Amino acid sequence: MKYFIQMYKDIQKYSDYILYSAKSTLRLQFSGKYFGALWWLLDPILLMITYIFMVQVIFQRGGNDYPVFIFTALISWKWVSATFMTSANAIRNQAYILNTVYIPKHILPLIWNIVEFIHFQFGLITLFILMLITHVKFTWHIFESIPIMIVNFIFILGVSFLFAHIGVYFQDFKNILSFLLRLWFYISPGIYAANDIPAPLIKKVIWFNPMTTFFESYRNVFIYGTSPLYKHLGIWTIASVIILYWGLSTLYKSDKNYIKVA
């Protein structure tokens, strides 16, 4: 519990730095490039078009709502994968600052979590436009996406802390992580529904994958007009808090060693 209290105090103390860094990162992404941060949206849109062609055109599968079905998973996955990738080098890339000014190390991946969460909000706007185009009905269940995002954020933050720690000691970790994330997506029900898996054993095992709960819950509230999977979200809330504590304690305990390594 002491690490959570210390984290709260650190966030209060460095709140100006966190907001400034997040704004600067977003401003830099929007400037100096033709598309800027829009690439965050173009990537899932282009992937959506690819999967639509493969599933609906070639295999004649999926339904009228398949574009929304796949895009819902892609933007939530983009939030996860982009945050993990940037957090992996969050501490190592700031070595020059850490040698001159002390900053609690969890602040650095936290900034990337905030940046990618804001990107995700823009993704939701695009999703709503896509829902209008494909005539998917809007229901009050959309507001139930809030608890999903809260649990999702805690999970991403906890894992980001661990990846930031590993990234200090292993320079090639980001390359390995890129491969692992691609594998993770394909074993998650992103381009298919969990109920479409024919093998009973795999259908049970897949629920040990947190992305199954997140993907299916987002689809419930946005597409099907039903509540998220609260039972599964409750389990992953507990698991995410444990992961968050694990990652946070690891960063605090290794705080003084990072400068020597990075």
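Residues numbered from 1 in each chain as written. Predicted model: local features only at pLDDT ≥ 70, side-chain atom pairs only at ≥ 80, totals over all residues. Heavy atoms only, no water.

Peer 1: How should I be thinking about helix α1 (residues 2-13) in this particular structure?
Peer 2: For an α-helix, the turn length of 3.6 residues means that residues three or four places apart are oriented alike. For α1, spanning 12 residues, the distance from its first C-alpha to its last is 16 Å, which sits close to the expected 16 Å at 1.5 Å a residue. All buried positions along α1 are accounted for by Tyr3, Met7 and Asp10. Looking straight down α1, one finds that the buried residues subtend no more than 65° of arc, so they occupy a single side. Structural note: α1 exposes Lys2 and Tyr8 on the side pointing more than 90 degrees away from its buried face. Buried residues along α1 sit against α6 (107-133), α7 (145-169) and α11 (230-253). (Helix = DSSP H or I, 4+ residues; strand = E, 2+ residues; numbered from the N terminus. Expected span 1.5 Å × (residues − 1). Buried < 20%, exposed > 50% of the residue type's maximum accessible area, 1.4 Å probe, protein only. Arc of directions from axis to C-beta. Contact = heavy atoms within 4.5 Å.)

Peer 1: Please clarify how the nonpolar core should be interpreted in this entry.
Peer 2: Where a protein is soluble and globular, its nonpolar side chains tend to be buried together. In this structure, Phe84 and Phe222 are the most contacted members of the largest nonpolar core, which totals 46 residues. Residue assignment for this core shows that the elements contributing at least two residues are α4 (66-88), α6, α7, α8 (173-186), α10 (210-224) and α11. In contact with Phe222, other than residues within four places in its own chain, are Thr72, Leu124, Leu127, Phe128, Met131, Val136, Lys137, Ile142 and Ser145. Grouped together as the second largest cluster of nonpolar side chains are 24 residues, Ala22, Ala90, Ile91 and Tyr252 included. (Core = buried A, V, L, I, M, F, W, Y, C linked by side-chain atoms within 4.5 Å.)

Peer 1: Hey, could you run me through the pattern of salt bridges in this one?
Peer 2: A pair can form between side chains of opposite charge whenever their charged atoms are brought close. According to the stated counting rule, one finds 2 salt bridges in the structure shown. A salt bridge links Lys105 to Asp255; the shortest N-O distance between them is 3.1 Å. Here Asp255 lies in the loop between α11 and α12 (258-261) and Lys105 lies in the loop between α5 (95-98) and α6, a separation of 150 residues in the sequence. A relative accessible area of 9% means that Asp255 is categorised as buried. A salt bridge links Arg219 to Glu216, with the nearest nitrogen and oxygen atoms 3.5 Å apart. In this pair, Arg219 and Glu216 both sit in helix α10, 3 residues apart, roughly one turn of the helix. Neither Arg219 nor Glu216 differs from the other in exposure class; each is buried. (Salt bridge = Lys/Arg side-chain N within 4 Å of Asp/Glu carboxyl O.)

That is the geometry; function is a separate question.
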